[in-house]
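Listed below are the residues making up each chain.
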Amino acid sequence: MLELPLRHHVPLAPYTTFHIGGPADYLLEVTSQEQLRQSLRWAEEKGIPWLILGGGSNVLISDRGIRGLVIINRSQGWQKVALDDFSRPTASIASRWQSTFPLEPPARGKKVAIKVNTGTSLKALLFELAAAQITGLEWFVGIPGTVGGAIKNNIHGGPEFFSNFLLAATIWRQGREERYLPQAEDFDYDFSPFDSQTVLLEATLLLFEAKDNRGPLFLREWGKTKLQNQPQNSAGCVFQNLSIKEQRQLGLPSPSWGYIIDKILHLKGRQIGGAQISLQHAAFIINADGQARAKDVLALINLIKEKSQQVLGIEPRLEIQLLGFDEK
Ligand SMILES: Cc1cc2nc3c(=O)[nH]c(=O)nc-3n(C[C@H](O)[C@H](O)[C@H](O)COP(=O)(O)OP(=O)(O)OC[C@H]3O[C@@H](n4cnc5c(N)ncnc54)[C@H](O)[C@@H]3O)c2cc1C
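Residue indices follow the written sequence of each chain, beginning from 1 at its first position. Per-residue local features of the predicted model are confined to residues with pLDDT of at least 70, and side-chain atom pairs are confined, for both listing and counting, to 80 or more; whole-chain, interface and lining totals are unaffected and use all residues. Computation of side-chain values: all heavy atoms of the structure, hydrogens and water removed.

Some details on the domain arrangement of the protein
Quite often, the size of an interface is put as the accessible area lost when its parts meet. Just so we agree on the cut-off: Residue ranges for the domains trace back to a domain assignment, done automatically or taken from a database. Note on definitions: buried area is the accessible-area loss of two parts on being combined, 1.4 Å probe, summed for both. By definition here, a salt bridge exists when the distance from a side-chain nitrogen of Lys or Arg to a carboxyl oxygen of Asp or Glu is within 4 Å. Polar contacts, as used here, are pairs of N or O atoms within 3.5 Å; protein pairs need one atom able to donate a hydrogen and one able to accept it. Residues neighboring in sequence count only if both atoms are side-chain atoms. In this text, helices come from DSSP runs of H or I with a minimum length of four residues, and strands from runs of E with a minimum of two, each type numbered from the N-terminal end.
By the assigned domains, the protein splits into domain 1 (7-73), domain 2 (78-226) and domain 3 (232-323). For domain 1 versus domain 3, the distance between C-alpha centres works out to 27 Å. Of the roughly 1300 Å² buried at the junction of domain 1 and domain 3 (both faces included), carbon and sulfur atoms supply 59%. On the surface where domain 1 and domain 3 come into contact, there are zero salt bridges. For the pair domain 1 and domain 3, the interface holds eleven residue pairs in polar contact (both at pLDDT 80 or more). Elements supplying a minimum of two residues to the side of domain 1 that touches domain 3: β3 (50-53) and β4 (59-61). Considering each element in turn, the side of domain 1 that touches domain 3 owes the most residues, three residues, to β4.

Shown next as structure tokens:
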């Protein structure tokens with residue numbers, strides 16, 4: 001039996017950083033692991049299609065919204081755990097980031113493991129870890145969303161990918177819980193092995209004791225840089241940066257779609273309805289007037305794809321996820 005308030009026909013825009021999206025048929029906001037498990041069991045027993053969201057910071061939800069149940073994961077909290085004899089595969093993913101930032105996160109001391117509920121806000125986690133003199137995740141400051149979304153999308157911050165820190169996870173798949181241990185080939189740029197019907201419940205991360213006090217300063221300064229360059233009323237970069245190979249083939253000085261959209265396609269600032277290609281960073285589309293519709297954003301995405309095909313002969317790959325659309 002469901003012991004949580006089930007809401008009907010709930011607009012999803014407030015649950016996204018874009019502030020765009022039609023209603024969910026049903027919505028449950030869960031604040032604990034038990035509630036998260038209960039929601040999944042309930043939806044599966046009733047045969048209701050479901051979708052999980054964390055901070056809604058990487059999604060464009062259609063104006064028609066989502067059929068079925070949307071679960072908003074706010075199951076927060078973390079603790080230090082014993083660093084058992086986890087053996088961790090060391091797959092290295094090529095970074096597509098070009099560094100100009102002068103500061104470094106703290107030097108790494110002894111290994112530490114933490115267990116974290118996946119609804120934990122990444123921002124809260126980073127500042128709490130810095131206060132506890134634990135280092136590792138600082139490059140991810142300024143990225144909104146939850147730990148679950150960070151693992152699912154294998155987010156990239158500075159030179160790091162989130163999978164560099166994942167030791168293990170408890171996942172929900174096909175109606176039951178499983179222990180997941182990462183394999184070397186499981187993760188790539190913006191890629192994890194988890195499909196839309198797998199839920200990350202909790203994760204164990206490998207971090208380090210900080211050998212100096214640079215953590216809070218680094219978080220503040222790198223966070224400030226991100227805030228200056230990245231518009232918040234968005235869903236992050238719309239397209240994945242080019243791989244080094246693609247960049248070389250096209251003879252471009254930058255792998256960033258911000259550069260391409262601005263300097264090559266000359267679409268920076270273009271507006272359709274309430275959506276605009278950001279003047280601050282052209283790889284971002286923003287909800288300029290707070291009233292943008294998903295169809296406006298989609299029209300801008302299609303415009304960029306078409307112009308890129310005409311001018312460069314390539315189509316950019318989406319980094320944001322489209323939810324509730326029939327078309328791709
Ligand atoms: C201003 C801004 C800056 C950004 N900067 C960056 C950046 O520098 N680097 C970067 O990589 N990204 C960046 N992003 C994108 C985004 O913040 C990240 O992808 C983030 O990790 C998404 O987390 P979320 O909780 O908001 O996920 P959501 O947007 O809620 O969901 C994204 C996907 O993850 C799935 N998901 C969420 N939680 C779970 C879970 N517990 N188990 C299984 N699946 C789950 C959802 O179903 C969905 O498919 C930025 C976004 C914004 C708005």
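Focus on the site of the ligand
For clarity, the cut-off: Being near a molecule or strand, for a residue, means having at least one of its heavy atoms within 4 Å of it. Using a 1.4 Å probe, the Shrake-Rupley method yields the accessible areas, and only the shown protein chains count as cover for residues.
Surveying the vicinity of the ligand reveals 33 residues, the closest of which are Ile52, Ser57, Thr146, Lys226 and Gln321. Isoleucine 52 has a polar backbone atom sitting 2.6 Å from an oxygen atom of the ligand. In the environment of the ligand, a nitrogen atom lies 2.8 Å from a nitrogen or oxygen atom belonging to the backbone of histidine 156. Bound to the protein, the ligand loses 97% of the 980 Å² it would expose on its own. When residues of the shell around the ligand are traced back to their parent elements, those giving at least two are β3, α3 (147-153) and β13 (198-210).

A few points about the packing of helix α6 (residues 257-264) against helix α7 (residues 294-312)
Helix-helix packing: each pair is described by the crossing angle between the helix axes and the interaxial distance. Which entries qualify depends on this criterion: Only the contacting stretch of a helix is used when fitting its axis, a line to C-alpha atoms as for every element, and angles between N-to-C directions run 0 to 180 degrees. If an angle is under 35 degrees, it is roughly parallel; if it is over 145, roughly antiparallel; if it lies from 65 to 115, roughly perpendicular; otherwise it is oblique. In what follows, a contact means two residues having at least one pair of non-hydrogen atoms within 4.5 Å.
Put simply, α6 and α7 touch, their axes get as near as 11 Å, and they point 75° apart. What the angle tells us is that α6 and α7 run roughly perpendicular. Contacts from Trp257, Ile260, Ile261 and Ile264 of α6 reach α7 at Ile304, Ser308, Val311 and Leu312.

Some words on empty space enclosed by the protein
The rolling of a water-molecule-sized probe over the atoms marks out the regions of remaining empty space. Condition: Lining residues are those with an atom within 4 Å of a point, where the points come from a 1 Å grid over the protein atoms alone and group into cavities, where a 1.4 Å probe fits but cannot get out, or pockets, open sets with protein on both sides within 12 Å along at least five of seven lines. Grid points are joined across faces, edges and corners, and a volume is the space filled by probe spheres set on the points. Gly counts as polar in this scheme, as do all residues outside two lists: the nonpolar Ala, Val, Leu, Ile, Met, Phe, Trp, Tyr, Cys and Pro, and the charged Asp, Glu, Lys and Arg.
The full count for this structure, using the stated rule, is three cavities of 30 Å³ or more. Size it by volume and the second largest cavity reaches roughly 40 Å³. Leu126, Leu129, Ala130, Ile134, Thr135, Gly136, Leu137, Glu138, Leu207 and Leu219 are the residues that line the second largest cavity. For the lining of the second largest cavity, the secondary structure elements donating two or more residues are α2 (122-131) and β8 (134-135). By residue number, the principal contributor to the lining of the second largest cavity is α2, which donates three residues. Split by residue class, the lining of the second largest cavity holds seven nonpolar, two polar and one charged.

Describing the environment of tryptophan 172
Operational definition: Remark: exposure states derive from per-residue accessible area (1.4 Å probe, protein chains only) relative to the maximum for the residue type, with buried under 20%, exposed over 50%, and partly exposed in between.
Mapped onto the elements, tryptophan 172 comes out in strand β11 (residues 166-173). According to the relative accessible area criterion, tryptophan 172 is buried, its value standing at 3%. Sequence separation between tryptophan 172 and proline 182 is ten residues, and the spatial gap between their C-alpha atoms is 15 Å. When near neighbours in sequence (up to four residues on either side) are disregarded, tryptophan 172 contacts Arg37, Leu40, Arg41, Glu44, Glu177, Gln197, Thr198, Val199 and Leu201.

Structural notes on α6
At 3.6 residues per turn, the α-helix brings residues three or four places apart onto the same side. All of the buried residues in α6 are Trp257, Gly258, Ile260, Ile261 and Asp262. Taken together, the buried residues of α6 touch β15 (275-277) and α7. Between the side-chain oxygen at the start of α6 and the backbone nitrogen of glycine 258 there is a gap of 2.9 Å, and the oxygen is on serine 256.

What about the sheet that holds strand β14 (residues 271-272)?
We count it as follows: Note on pairing: DSSP must find at least two bridges between two strands before they are called paired.
As summarised here, the arrangement of the three strands in space is β14-β15-β16, forming an open sheet in which the pairing is antiparallel. Each edge of the open sheet is held by one strand with a lone partner, namely β14 and β16 (285-287). Bridge count between β15 and β16: three bridges; the pairing is antiparallel. Each residue of the ladder has a partner; that of glutamine 276, found in β16, is isoleucine 286. Contacts from α7 reach β14, β15 and β16, with the element oriented near 30° to β15.

Some points on the nonpolar core
We apply this condition: We call a set of buried residues a nonpolar core when its members are Ala, Val, Leu, Ile, Met, Phe, Trp, Tyr or Cys and they connect through side-chain atoms within 4.5 Å of each other.
Counting residues in hydrophobic clusters, the biggest one holds 37 residues, and the most contacted among them are Ile114, Leu137, Phe140, Ile151, Phe162, Leu205 and Leu207. The set of elements that each furnish at least two residues to this core consists of β7 (108-117), α2, α3, β11, β13 and α4 (215-229). Looking at which element gives the most residues to this core, the answer is α2, with five residues. If you look at the next biggest cluster of nonpolar residues, it comprises 27 residues, including Phe18, Leu60, Phe239 and Leu300.

Here's the deal with the packing of aromatic side chains
The relation between two aromatic rings is expressed through the spacing of the ring centres and the mutual angle of the planes. Here is the rule: Planes of paired rings set the category: under 30 degrees apart is stacked, over 60 is edge-to-face and the rest tilted, where pairs are Phe, Tyr or Trp rings (Trp by its six-membered ring) whose centres lie within 6.5 Å.
Evaluated as defined, the whole model comprises eleven aromatic pairs. Judged by centre distance (5.7 Å) and plane angle (85°), the rings of phenylalanine 101 and phenylalanine 218 are edge-to-face. One end of the pair, phenylalanine 101, is in the loop between β6 (78-81) and β7; the other, phenylalanine 218, is in helix α4, with 117 residues separating them in the sequence. On the accessibility criterion, phenylalanine 101 (14% relative accessible area) is buried. Residues phenylalanine 101 and tryptophan 222 carry aromatic rings whose centres are separated by 4.8 Å and whose planes lie at 55° to one another, so their mutual orientation is tilted. With a gap of 121 residues between them, phenylalanine 101 in the loop between β6 and β7 and tryptophan 222 in helix α4 connect regions that are remote in the sequence. Judged by its relative accessible area of 7%, tryptophan 222 is buried. Taken together, the aromatic side chains of Phe101, Trp139, Phe218 and Trp222 make up a single cluster linked through ring pairs.

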